[in-house]
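Coordinates in review
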Amino acid sequence: MFSHYDDIMTVEDAMEALNIGRSKLYELLRNGQIKSFKLKGYRIPKAAVKDFVLTQARICQERYSELSED
């Protein structure tokens, strides 16, 4: 899924990979949901983007499980 991206992604790369807008990405970066560092702008490890996606999937799965138990 992310194989064609470099190990360190730019804001534009992350926006494209996650299919989200700039404002939403900056919100995720500011609140620490996606780990990053600043070096002439934000730099985002590809592993941090993968971790974010997996975390969101796990949250959705847990919510679905809770709903199906009711």
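Below or above, wherever it landed, is the structure these notes cover. Everything numeric here is computed off the predicted structure, so don't read it as measured data. Counting restarts for each chain: residues are numbered from 1 in the order of the written sequence. A pLDDT threshold of at least 70 governs which residues receive local features in this predicted model, and a stricter bar of 80 or more applies before side-chain atom pairs are shown or counted, although totals over entire chains, interfaces and linings include all residues. Hydrogens are left out, water is left out, and the side-chain values use all remaining heavy atoms of the structure.

Read from one edge to the other, the open sheet built from three strands follows the order E1-E3-E2, with strand pairing classed as antiparallel. Two strands close off the open sheet at either side, each with one partner strand: strand E1 (8–9) and strand E2 (37–38). Pairing of E2 with strand E3 (residues 42–45), which is carried by two bridges, proceeds in the antiparallel orientation. Among the inter-strand pairings, Lys38 is bridged to a residue of E3, identified as Tyr42. The sheet strands contacting helix H3 (residues 46–69) are E1 and E3, and the helix crosses E3 at an angle near 65 degrees. Strands are treated as partners if at least two bridges between them are detected by DSSP. Secondary structure counts use DSSP, requiring at least four H or I residues in a row for a helix and at least two E residues in a row for a strand, with both numbered from the N terminus. Contacts are assigned to residue pairs that have any heavy atoms within 4.5 Å of one another. Under this scheme, a helix contributes an axis fitted over its contacting stretch, all axes are lines through C-alpha atoms, and angles between N-to-C directions fall in the 0 to 180 degree range.

Our focus in this paragraph is the packing of aromatic side chains. Two rings from Phe, Tyr or Trp (for Trp, the six-membered ring) form a pair when their centres are within 6.5 Å of each other. A pair whose planes differ by under 30 degrees is stacked, one over 60 is edge-to-face, and the rest are tilted. A full pass over the atoms with the stated rule returns two aromatic pairs. On the numbers, 6.5 Å between centres and 50 degrees between planes, the contact of Phe2 with Tyr5 is tilted. For the pair Phe2 and Tyr5, one class covers both residues: buried. With a centroid separation of 5.5 Å and 55 degrees between ring planes, the pair formed by Tyr26 and Tyr42 is classed as tilted. Separated by 16 residues along the polypeptide, Tyr26 in helix H2 (residues 22–30) and Tyr42 in strand E3 bring together distant segments of the chain. The rule is simple: take the accessible area with a 1.4 Å probe, protein chains only, and divide by the maximum for that residue type; under 20% is buried, over 50% is exposed, in between is partly exposed. Classification of Tyr26 as partly exposed rests on a relative accessible area of 25%.

Here we come to the side chain of Lys46. Tracing the chain through its elements places Lys46 in helix H3. A relative accessible area of 11% means that Lys46 is categorised as buried. When residues no more than four places from it in sequence are discounted, the contact partners of Lys46 are Phe2, Ser3, Tyr5, Asp6, Asp7 and Met9.

Our focus in this paragraph is the nonpolar core. Membership of the largest hydrophobic core comes to 17 residues, with the highest contact counts inside it found for Met9, Leu25, Ile34 and Ile44. Of all the elements, helix H1 (residues 11–18) adds the most residues to this core, at five residues. The residues contacting Ile44, other than those within four sequence positions of it, are Asp7, Ile8, Met9, Thr10, Val11, Ala14, Leu25, Leu29, Ile34, Lys35, Ser36 and Val49. Put simply, a nonpolar core is a bunch of buried Ala, Val, Leu, Ile, Met, Phe, Trp, Tyr and Cys residues held in one set by side-chain atoms that sit within 4.5 Å of each other.

Along an α-helix, residues three or four positions apart point the same way, because every turn accommodates 3.6 residues. Of all the residues in H2, the buried ones are Leu25, Leu28 and Leu29. Along H2, the residues classed as buried sweep out an arc of 100 degrees about the axis, all on the same side. With respect to the buried face of H2, the exposed residues turned more than 90 degrees away are Ser23 and Arg30. Lining the buried residues of H2 we find H1, E3 and H3. Directions pointing from the helix axis toward each C-beta atom define the arc.

So, to be careful, I would describe these as geometric facts and stop short of saying anything about function.
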